Amino acid sequence: MKKETPLLEVKQLQTFFHTESGIVKSVDGVSFDIKKGETVAIVGESGCGKSVTSFSIMGLVSSPGKIEGGNIFFEEEDLTKIPEKRMRELRGNQISMIFQEPLSSLNPVFKVGEQISESLILHQKLSKREAKIKSIEMLKKVGIPRPDQVYSNYPHSLSGGMRQRVMIAMALSCNPKLLIADEPTTALDVTIQSQILHLIKSLSEEYNTSIILITHDLGVVAEIADKVIVMYAGQVVEEADVFTLFENPKHPYTKGLLNSTPNINEMKENLESIKGMVPTPREMPKGCRFHPRCPAAMKVCVTHAPQLEEVADENFVRCWLYEDKEALPHAGNC
Ligand code: SF4
């Protein structure tokens, strides 16, 4: 059977930062794809490269950062090769983003309704009046009470949860094909978090929007993701559908993340944290980048870097444990 063409295909993406003290390889050979309507979570500790990956897709990596290699195909158009003018047409229209702190992305001097209307006028070529009607409709859709009144409010007069709803209304107003949500609920309290997540999920289903969800919270992943990409030190270390990842995690880092997360259904009494620290990009360990923290490390892991390999259907792992022992470099040392 012919495979469905993905909406987004990231291939061997490399995004580096050129600093005075050297090159920081924040994203180093990342590949994954997203189908139409699919929700893909990218998880990992701070500094693993998940946000830089999403900024690379949005074309928002600023100096001293630069995409140095690889491709990002969006409906077969390579975003790494298109001019900024074309990227601006796509951004906020076909590709939208929700950030962790809406106050930093909402302009404090404009009314919230005007900010939603602006992108409708710019990208959808609606008249001012049509844009206002559509904006109020979107505010209603994201569960804002008295939307016609809120249209004329300034961002600071709304609660954190309401501001995040406004951001979602703004992000979905142009009916994007891809929505990138970067830690969209971290700044909110727990009950509001769940409401916002379900709102994002139900609206994306209604509009058939694909989602990239950037998060460090595996509870959030379990609630809404279809597929999970685990990143460590600028690389993908595991990719699996959400059930496989929770039922049968393979990479020792994925197992560590799950062991340090309160179980969704039963509270674990002794949560274990992953020992050690994420390496800084300037002091990347040789061999497997996780080896200084890995409870299963072998000699080969210290000297040779494993590749991302498909170990089961659509389940990819970067770990020597899943290689044929005979095929390991210096297998005799393991
Ligand atoms: Fe651990 Fe080795 Fe696998 Fe790396 S390759 S995760 S060090 S077992």
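Note that the structure is a prediction, hence the values are computed from the model and not measured.

Caption draft 1: Main features of the site of the ligand. Lining the immediate environment of the ligand, one finds 13 residues, of which Cys288, Cys294, Cys301, Cys319 and Trp320 sit closest. When atoms are counted within 2 Å of each cavity's grid points, the one that captures over half of the ligand is the largest cavity. Here the shell around the ligand is built from residues that sort into 11 nonpolar, 2 polar and no charged.

Caption draft 2: Local environment of the pairing of strand 9 (residues 227-232). Extensive coverage of strand 9 is indicated by the burial of 6 of its 6 residues. The alternating pattern of strand 9 places Lys227, Ile229 and Met231 and Val228, Val230 and Tyr232 on opposite faces, both of which are buried. As paired elements, strand 3 (residues 39-43) and strand 9 share 4 bridges and run parallel to each other. If you follow Val40 over to strand 9, its bridge partner there is Lys227. Pairing of strand 9 with strand 10 (residues 235-241) involves 6 bridges; the strand directions are antiparallel. Following the sheet pairing, Tyr232 is matched in strand 10 by Gln235.

Caption draft 3: Seen up close, the sheet that holds strand 2 (residues 22-34). The antiparallel open sheet is built from 4 strands, whose spatial order is 2-1-4-5. This sheet does not close on itself; its edge strands, each paired only once, are strand 2 and strand 5 (77-78). Pairing between strand 4 (residues 65-74) and strand 5: 2 bridges, direction antiparallel. When the bridges of strand 5 are listed, Phe73 appears paired with Asp78. Sheet strands touched by helix 1 (residues 50-58): strand 1 (8-19), strand 2 and strand 4. Its angle to strand 1, the strand with the most contacts, is close to 110 degrees.

Caption draft 4: View of empty space enclosed by the protein. Under the definition given, this model contains 2 cavities of 30 Å³ or more. Space inside the largest cavity adds up to approximately 80 Å³. In terms of lining residues, the largest cavity is bounded by 13 residues, among which Cys288, Cys294, Cys301, Cys319 and Trp320 are the most central. Broken down by class, the residue content of the lining of the largest cavity amounts to 11 nonpolar, 2 polar and no charged. Around the second largest cavity, the lining residues are Lys25, Ser26, Gly47, Ala233, Gly234, Pro279, Pro281 and Met284. Residues belonging to the lining of the second largest cavity are distributed by class as follows: 4 nonpolar, 3 polar and 1 charged.

Scoring rules and cut-offs
- Residues numbered from 1 in each chain as written.
- Predicted model: local features only at pLDDT ≥ 70, side-chain atom pairs only at ≥ 80, totals over all residues.
- Heavy atoms only, no water.
- Near = heavy atom within 4 Å.
- 1 Å grid on protein atoms, 1.4 Å probe; cavity = no way out; pocket = protein on both sides within 12 Å on 5 of 7 lines; lining within 4 Å.
- Sits in = over half its atoms within 2 Å of the grid points.
- Nonpolar A, V, L, I, M, F, W, Y, C, P; charged D, E, K, R; others polar.
- Buried < 20%, exposed > 50% of the residue type's maximum accessible area, 1.4 Å probe, protein only.
- Helix = DSSP H or I, 4+ residues; strand = E, 2+ residues; numbered from the N terminus.
- Pairing = 2+ DSSP bridges.
- Contact = heavy atoms within 4.5 Å.
- Axes fitted to C-alpha atoms, helices over the stretch in contact; angles between N-to-C directions.
- Points joined across faces, edges and corners; volume = space filled by probe spheres on them.

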